[in-house]
2 protein chains.
Amino acid sequence: MIAEIIAIGSEMLTPYRQDTNSLFLTERLNGLGISVSFKTVVGDNLDHLISAARTAIARADIAIFMGGLGPTQDDLTREAVAAALGVELKRDNTMVTEMYKRFAERRLKMPENNAQQADVLQGAVILPNPKGTAPGQWLETTYADKPRIIALLPGPPHELETMWDIECAPRLRDKVPPAAIAGRVLKVAMMGESAVDLRAAPIYKKYPNVETTVLAGQGQVEFHLNATAATKGEAQAEVDRLAGELEDEFDDAVFSAQGESLEEIVSYYMQMRNAKLAVAESCTGGMVAERLTSVPGSSRWFLGGAVVYSNDLKTLFADVPPLMIEAHGAVSKEVAVALAENIRELCGADIGVGVTGIAGPGGGTEEKPVGLVYVAVTNGHKHEVVQRRFFGDRERVRRWTSQLALDLVRRMLM
Amino acid sequence: MIAEIIAIGSEMLTPYRQDTNSLFLTERLNGLGISVSFKTVVGDNLDHLISAARTAIARADIAIFMGGLGPTQDDLTREAVAAALGVELKRDNTMVTEMYKRFAERRLKMPENNAQQADVLQGAVILPNPKGTAPGQWLETTYADKPRIIALLPGPPHELETMWDIECAPRLRDKVPPAAIAGRVLKVAMMGESAVDLRAAPIYKKYPNVETTVLAGQGQVEFHLNATAATKGEAQAEVDRLAGELEDEFDDAVFSAQGESLEEIVSYYMQMRNAKLAVAESCTGGMVAERLTSVPGSSRWFLGGAVVYSNDLKTLFADVPPLMIEAHGAVSKEVAVALAENIRELCGADIGVGVTGIAGPGGGTEEKPVGLVYVAVTNGHKHEVVQRRFFGDRERVRRWTSQLALDLVRRMLM
């Protein structure tokens, strides 16, 4: 079965933007036992779009078009696919009425060109878009006597991902032979890629039937393990055996055994322990709090805290004595611990986190260089404080530091 | 002139790897006045490669193939392009002799399949590879009576980049009219894509020589304007004329006229006014502070603030009276204003920001639904408070809310 993914949008033909949706779709297609054979990127140009659509429909059993479904004159995907297939577009009046209603509810007048979002390929099913306005389309047809599946999906990732999982995956699963494929994602925190791979390679090389990909970035290393076998159970057993050996090797540095994010794992532990968290962060500037609160329901265990960027605010919001800052500097073990302990106390939390450091590019000294950070975590009985020196730009230092903070919270809760 | 870039390699059809060479090539091609019309990714499969090569050669004046030039059985690019063009591959014996010599010098026996690297498309020029072993090829030919330029380049980025700049760019420069290209990026805050496009389209359509791409997301709409003309000055003048008309139309909703981010613009204004900022945020959970502190040097104007996720912390860190929360609810205009005014006062800042809302997915009620937010900004003399209802998931609501906060700060400083 040949699958092609077509990403539509002139911005992806500039040096600045790339299609990333195809990575998500590839992962999902692989999960159904379908490989991707072609990926195409084409701009918002009708002739080019028709050419790309014709090529895809001629060579691929499944053609997935992403983007170009919005309300503007640049949104030409419907028109191009109809032309390539040689079918008509029909305006769905029920949908138009609903769109008018939705605008009216918000006391807005609907721009007229919005109605083109209701133009449907002859024979296609309309796919609702719970995360946005542009609906998708699903068409099962034949082209040159061969069966063809054609999907039109919106470009914004969260819209596309939701629509794929709710609408497309179940439809496609009925069309392909049940595949015996199994996968796991293991994640290791706060280690470098080469250090991890040096220890991991002798293990995963013993499992030639498991495809192992090692990905590193932002303070974590991920193992993507995939196996195909005669049955799903066999494939899963093979993957689980390798995952088990890797978990033994990396022990408590493995924070996720099923692909969860570090935020999700912290949230899981916090709820399990029925504990409350507060943070006082300097160089991460809110990133620790932002990551924690990105998890739905975090208000059940996250109280809040302070972004103590200036020294005065370290004193005002986290009772750090000015003399301590004078004696040790704002970037010091002592200040990190004081931030953690005092914010815990003040907020009435069970766990307190304190972060201080030099994110750069400016502000470094011989003694305290850019990338030096201190992170402290306390539960009121004992505290842990870690000094690290991270390399790279401001964004990287902040990201690794927030990762360290979350990982220390996880370890304290374990 | 239509250009297509074809990236070859099965690893780029997995969920984990992406072609990035095309970004480099696009930047270089744009610099010669050539836009990229199509990008294709195809695996190491002869049939698929021939299909991709046929499609490219049929529709593109310039087809650049990247990868698949090595010595292994997976390296099929030469063979596929020859088949697509209907020409022979001729083994270059001088090159084979040189390869044998190079191996002999290192006292190694050359693997036999290495010789395929000397297979040259009929009529092609061999491009030396100073950074690796696989040579490239450059072919100027005709296909279906149309002139065609075909380049075969190695996949490793440093090999490809060097070969492009030394061998290909000078050859291509001779083939295209001397072009001068100019670009600008304008950004508009807090408006929807269709509302913006409805007003913008009549303007940019008056400038058919300027390629206009409208990109929307995360609370902003971007206009990417690019023009090609006889001279750089002419191209720039055309782009600037259109940019000027768009700035007139959208007036102070345009926050960036040179592609700067909203964070950078706020930073610029804060420094210009020599003012200090503090924030008290609830539903954004640190995102406003995190975005502000992502700008290098933000410690010069950002003091910090509080993430007041729980009601108690709204009182503790921002003096919001519990009775006010009881009377109006934590998500209310009154609380947003109190957060802004009190955090400004407490921190000794010039500007205070208060954010409260319901990010979802839980926590919404009939009266106060998910997506309802209040953002207040004050300078001590006057305040501005805005109520908005954002749609979409938790991440989207938080992102738009932080965008609104930053935009209100910008407007207060203007």
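Residues numbered from 1 in each chain as written. Chains lettered and ligands numbered in written order. Predicted model: local features only at pLDDT ≥ 70, side-chain atom pairs only at ≥ 80, totals over all residues.

1. With respect to the interface of chain B and chain A
- With 65 residues of chain B at the contact, the number on the chain A side is 65 residues.
- Counted by class, the side of chain B that touches chain A contains 29 nonpolar, 26 polar and ten charged residues. (Contact = placed C-beta atoms within 7 Å. Nonpolar A, V, L, I, M, F, W, Y, C, P; charged D, E, K, R; others polar.)

2. Details of the domain arrangement of chain A
- According to the domain assignment, chain A contains domain 1 (3–173), domain 2 (181–256) and domain 3 (262–413).
- On a C-alpha basis, the centres of domain 1 of chain A and domain 3 of chain A stand 44 Å from each other. (Domains from an automatic or database assignment.)

3. Things to note about the pairing of strand 15 (residues 351–357) of chain A
Residues and elements named next belong to chain A.
- Among the seven residues of strand 15, seven are classified as buried, and the element is accordingly described as predominantly covered.
- Of the two faces of strand 15, both are covered, the one formed by Ile351, Val353, Val355 and Gly357 as well as the one formed by Gly352, Gly354 and Thr356.
- The pairing of strand 13 (residues 277–281) with strand 15 spans five bridges and is classified as parallel. Among the inter-strand pairings, Ala278 is bridged to a residue of strand 15, identified as Gly352.
- Taken together, the six bridges between strand 15 and strand 16 (residues 372–378) define a ladder with antiparallel strand orientation. (Buried ≥ 20, exposed ≤ 12 C-beta atoms within 10 Å, placed from the backbone. Helix = DSSP H or I, 4+ residues; strand = E, 2+ residues; numbered from the N terminus. Pairing = 2+ DSSP bridges.)

4. Considering the sheet that holds strand 7 (residues 136–143) of chain B
- Taken in spatial order, the twelve strands make up an open sheet running 6(A)-7(A)-8(A)-3(A)-1(A)-2(A)-2(B)-1(B)-3(B)-8(B)-7(B)-6(B), and their pairing is mixed. Only two strands of the sheet have a single neighbouring strand rather than two, namely strand 6 (125–127) of chain A together with strand 6 (125–127) of chain B. Here the average twist between neighbouring strands, direction ignored, is 20°.
- Bridging between strand 7 of chain B and strand 8 (residues 146–153) of chain B involves seven bridges; their strand directions are antiparallel. From the neighbouring strand, Glu140 of chain B faces strand 8 of chain B, where its bridge partner is Ile149 of chain B.
- Packing against the sheet, helix 1 (residues 21–31) of chain A makes contact with strand 1 (3–8), strand 2 (36–42) and strand 3 (62–66) of chain A, and its axis sits at approximately 160° to strand 1 of chain A. (Axes fitted to C-alpha atoms, helices over the stretch in contact; angles between N-to-C directions.)

5. Observations regarding the environment of Ala330 of chain A
Residues and elements named next belong to chain A.
- Note that Ala330 resides in the loop between helix 11 (322–328) and helix 12 (333–347).
- Assessed through the 23 C-beta atoms surrounding it within 10 Å, Ala330 is described here as buried.
- Separated by 30 residues in the primary sequence, Ala330 and Gly360 place their C-alpha atoms 15 Å from one another.

6. Section: the environment of Ala289 of chain A
- Within the fold, Ala289 of chain A resides in helix 9 (residues 287–293).
- Taking C-alpha positions, Ala289 of chain A is 9.0 Å from Val307 of chain A, a pair spaced 18 residues apart along the chain.
- Apart from the residues within four sequence positions on either side, Ala289 of chain A is in contact with Val279, Glu281 and Gly305 of chain A together with Gly285, Gly286 and Val307 of chain B.

7. With respect to the sheet that holds strand 10 (residues 210–217) of chain A
Residues and elements named next belong to chain A.
- Taking strand neighbours across the sheet as the criterion, the four strands line up as 10-11-9-12 in an open arrangement whose pairing is antiparallel. Sheet topology places strand 10 and strand 12 (254–256) at the edges, where each strand pairs with a single neighbour. Neighbouring strand axes in the sheet, compared pairwise and without regard to direction, differ in orientation by 30° on average.
- Contacts from helix 6 (residues 193–204) reach strand 9 (181–189), strand 10 and strand 11 (220–228), with the element oriented near 170° to strand 10.

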